[in-house]
Structures are given as C-alpha cells and as structure tokens.
Amino acid sequence: GGTPDEHLLLSTVHQAKGLEWEAVFMIGLADGQFPLGRALSSEEEIEEERRLFYVAVTRARTDLYLCCPQWGTARDRSRVMLRPSRFLAELPVRDPELCETWQIAESRA
C-alpha cells in the first residue's frame, strides 16, 4: 500500500543536524543508551549528548515520537529494567494536549 513516493529514512542523530522531517521517531531513550553509558562519567560528555538530543527533537515538523524501552539485555545476556533517559524529564512540554504517554504491553501468544 501507499504511494510510490512514500519512504522511510533511517538516520543517526549526528546525521540529522540541519535536516527536517514531518515525523521523527527517536528510539532507545534510556539512560545508558541515550545518553550513552560512557558519557555519564563526564559533565562535558553529558552536555554533548544533551545537545545532540536537542538537535534530534527539533527535527520534526509535526509529529515527534520519543520511545523508551522498559527492558534491555546486560552483557551477561540477563534482562535488566531500564530507566527513561534523563533528558526526557528536561523537556518543557507539560501540556497534555501536546504530549501522550503510551504503554505497550508485550504479547505472550
């Protein structure tokens, strides 16, 4: 389905600077993933990650989807609960008309 000109573009946050799209999906917004775990050791590196986050959230013209996984896999392959990215709490959007929280349940079919 869809028209021939519909497409999906995958981009890193680093490549997105100066570009803009109708809808942007940011995935992996958990501490340790964004910001990266190695960046947490230095305030300068956290600030760089924060700058990249700002660049990414300002790339959407109409729809911005911020996706945070609840579970991840540790180095020993065990499942670990993840914390939402600290940058999510810093966003100024508090208007319920502008922001929705979706809880997606995992199917065990």
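Remember, predicted model here, so these are calculated numbers, not experimental data.

### Some details on the overall build of the protein
Per the secondary structure count, the protein includes two helices and four strands. Within the protein, the fraction of its 109 residues that count as buried is 23%. For the protein, restricting intrachain contacts to residue pairs at least 6 apart in sequence, the fraction spanning at least 24 positions comes to 68%. Accessible surface, the protein as shown: approximately 9,000 Å² in total, 54% of it carbon and sulfur.

### Details of the side chain of aspartate 31
Along the chain, the position of aspartate 31 falls in the loop between β1 (21-26) and α1 (43-57). At 3.1 Å, the side chain of aspartate 31 forms a polar contact with the backbone nitrogen of arginine 86. Setting aside anything within four residues of it in sequence, one finds aspartate 31 in contact with Arg83, Pro84, Ser85 and Arg86.

### Things to note about the packing of aromatic side chains
This structure, assessed with the given rule, holds four aromatic pairs. On the basis of an interplanar angle of 10° and a centroid distance of 4.3 Å, the ring pair of phenylalanine 25 and tyrosine 65 is categorised as stacked. Residue phenylalanine 25 is located in strand β1, and its partner tyrosine 65 is located in strand β2 (residues 60-66); the two are separated by 40 residues in the primary sequence. Of the residues examined, phenylalanine 25 reaches a relative accessible area of 57% and is grouped as exposed. Assessed through its relative accessible area of 28%, tyrosine 65 is described here as partly exposed. Ring centres of phenylalanine 34 and phenylalanine 53 lie 6.0 Å apart, and the angle between their planes is 65°; on these two criteria the pair is classed as edge-to-face. Residue phenylalanine 34 is located in the loop between β1 and α1, and its partner phenylalanine 53 is located in helix α1; the two are separated by 19 residues in the primary sequence. For phenylalanine 34, a relative accessible area of 11% translates into the label buried. Taken together, Phe34, Phe53 and Phe87 form an aromatic cluster joined through their ring pairs.

Cut-offs used in this document
- Residues numbered from 1 in each chain as written.
- Predicted model: local features only at pLDDT ≥ 70, side-chain atom pairs only at ≥ 80, totals over all residues.
- Heavy atoms only, no water.
- Helix = DSSP H or I, 4+ residues; strand = E, 2+ residues; numbered from the N terminus.
- Buried < 20%, exposed > 50% of the residue type's maximum accessible area, 1.4 Å probe, protein only.
- Contact = heavy atoms within 4.5 Å.
- Areas by Shrake-Rupley, 256 points an atom, 1.4 Å probe, with all protein chains shown as cover.
- Polar contact = N/O pair within 3.5 Å; in protein donor to acceptor, adjacent residues only side chain to side chain.
- Phe/Tyr/Trp six-rings, centres within 6.5 Å; stacked < 30°, edge-to-face > 60°.

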